Amino acid sequence: GDSVTQMEGPVTLSEEAFLTINCTYTATGYPSLFWYVQYPGEGLQLLLKATKADDKGSNKGFEATYRKETTSFHLEKGSVQVSDSAVYFCALSDRTGGFKTIFGAGTRLFVKA
Amino acid sequence: GAGVSQSPSNKVTEKGKDVELRCDPISGHTALYWYRQSLGQGLEFLIYFQGNSAPDKSGLPSDRFSAERTGGSVSTLTIQRTQQEDSAVYLCASSLSGDTQYFGPGTRLTVL
């Protein structure tokens, strides 16, 4: 079945450092890919998404490119801020799976001032 | 417009009691999902409703768990004979087409 694997955390960075959180997936169809973020004490919210191969999703300085050849959707940000400290979830939604969304285990990011 | 709402926000119950958790999705959203998030853990899929189709119950951990969606809108997740391992945050999400999901604030369930 479909699955999502993302790097284990926690990830601890200093402010202004470069961030990469790896995410790979397996899917039988052609899924849409997502990154969701959960800030401390808040609910999950969509950060960015991409619906087809080579699409790049971007939001709040974060980017991720849908790479079909490597089945990856790595999250990147050039310069993190303390306010980016949160848990990040990679996810896929596959039409052939009835749009059931599969989430990765989440990666906790701590950014130090 | 209003987002996804869930009630109660917190529920404390005794082991063996039944609980009902409610989710009000965004109006017009055809898909509704329930997840469970244990402390420091990821999201565990529980059940998925899409329109009038039979729900995908493949994530329900035991027959003590059930869910209904009435009139294609409000959903209730019921846990019978609660156990301490049921303690978690229960999240509901809705989506228009099964694509982007919009999450509610969750119900924190504590089973004593």
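Residues numbered from 1 in each chain as written. Chains lettered and ligands numbered in written order. Predicted model: local features only at pLDDT ≥ 70, side-chain atom pairs only at ≥ 80, totals over all residues. Heavy atoms only, no water.

Caption draft 1: Structural context of the overall build of chain B. Summing up its helical and strand segments, chain B has 0 helices and 10 strands in all. Helices (α) and strands (β) of chain B occur, in sequence order from the N terminus, as β-β-β-β-β-β-β-β-β-β. Relative to the 2.2 N^0.38 estimate, which gives 13 Å for 112 residues, the radius of gyration of chain B is 13 Å and therefore close to what a compact globule would have. Overall, chain B is about 35 × 25 × 25 Å in size when its C-alpha atoms are taken along their principal axes. A buried classification covers 47% of the 112 residues belonging to chain B. The long-range share in chain B, meaning contacts at least 24 apart out of those at least 6 apart in sequence, stands at 54%. A total of about 5,400 Å² of accessible surface is found on chain B, and carbon and sulfur atoms cover 46% of it. (Helix = DSSP H or I, 4+ residues; strand = E, 2+ residues; numbered from the N terminus. Rg over C-alpha atoms; globule rule 2.2 N^0.38 Å. Buried < 20%, exposed > 50% of the residue type's maximum accessible area, 1.4 Å probe, protein only. Contact = heavy atoms within 4.5 Å. Areas by Shrake-Rupley, 256 points an atom, 1.4 Å probe, with all protein chains shown as cover.)

Caption draft 2: Structural view of the overall build of chain A. Assigned secondary structure in chain A consists of 0 helices and 12 strands. Helices and strands appear in chain A in the N-to-C order β-β-β-β-β-β-β-β-β-β-β-β. Going through the 113 residues of chain A one by one, you find that 47% of them count as buried. Of the roughly 5,400 Å² of accessible surface on chain A, 48% is carried by carbon and sulfur atoms. When the 11 positive and 12 negative side-chain charges of chain A are each reduced to one mean point, those points stand 4 Å apart. (Lys, Arg positive; Asp, Glu negative; His and termini not counted. Charge placed at Lys NZ, Arg CZ, Asp CG, Glu CD.)

Caption draft 3: The interface of chain A and chain B, seen in detail. Taken together, the contacts link 15 residues of chain A with 17 residues of chain B. Carbon and sulfur atoms supply 52% of the area buried between chain A and chain B, which totals about 1,400 Å² over both sides. Seen at the junction of chain A and chain B, the total is 0 salt bridges. The interface formed by chain A and chain B includes 4 residue pairs in polar contact (both at pLDDT 80 or more). Per element, the largest residue contribution to the side of chain A that touches chain B is 4 residues, and it comes from strand E5 (residues 32-38) of chain A. A class-by-class count of the residues in the side of chain A that touches chain B yields 8 nonpolar, 5 polar and 2 charged. (Buried area = accessible area lost by both parts, 1.4 Å probe. Salt bridge = Lys/Arg side-chain N within 4 Å of Asp/Glu carboxyl O. Polar contact = N/O pair within 3.5 Å; in protein donor to acceptor, adjacent residues only side chain to side chain. Nonpolar A, V, L, I, M, F, W, Y, C, P; charged D, E, K, R; others polar.)

Caption draft 4: Main features of the sheet that holds strand E8 (residues 62-65) of chain A. Residues and elements named next belong to chain A. One open sheet accounts for 4 strands, arranged E3-E9-E8-E7; its pairing is antiparallel. With partners counted over all chains shown, the strands left at the sheet margins are strand E3 (19-21) and strand E7 (56-59), one partner each. The sheet shows a mean angle of 15° between the axes of neighbouring strands, direction not considered. (Pairing = 2+ DSSP bridges. Axes fitted to C-alpha atoms, helices over the stretch in contact; angles between N-to-C directions.)

Caption draft 5: Region of the structure containing unusual backbone geometry. Omega for the peptide link from A:Gly9 to A:Pro10 comes to 0°, which places this bond in the cis form. Residue position: A:Pro10 is located in the loop between strand E1 (3-6) and strand E2 (11-14). Here the residue pair B:Ser7 and B:Pro8 is connected by a cis peptide bond, since its omega of -10° sits within 30 degrees of zero. The backbone of A:Glu16 shows a phi angle near 80°, a positive value even though the residue is not glycine. A positive phi is found at A:Asp54, a non-glycine position, where the angle reads about 75°. Assignment of secondary structure puts A:Asp54 in the loop between strand E6 (44-50) and E7. On the accessibility criterion, A:Asp54 (55% relative accessible area) is exposed.

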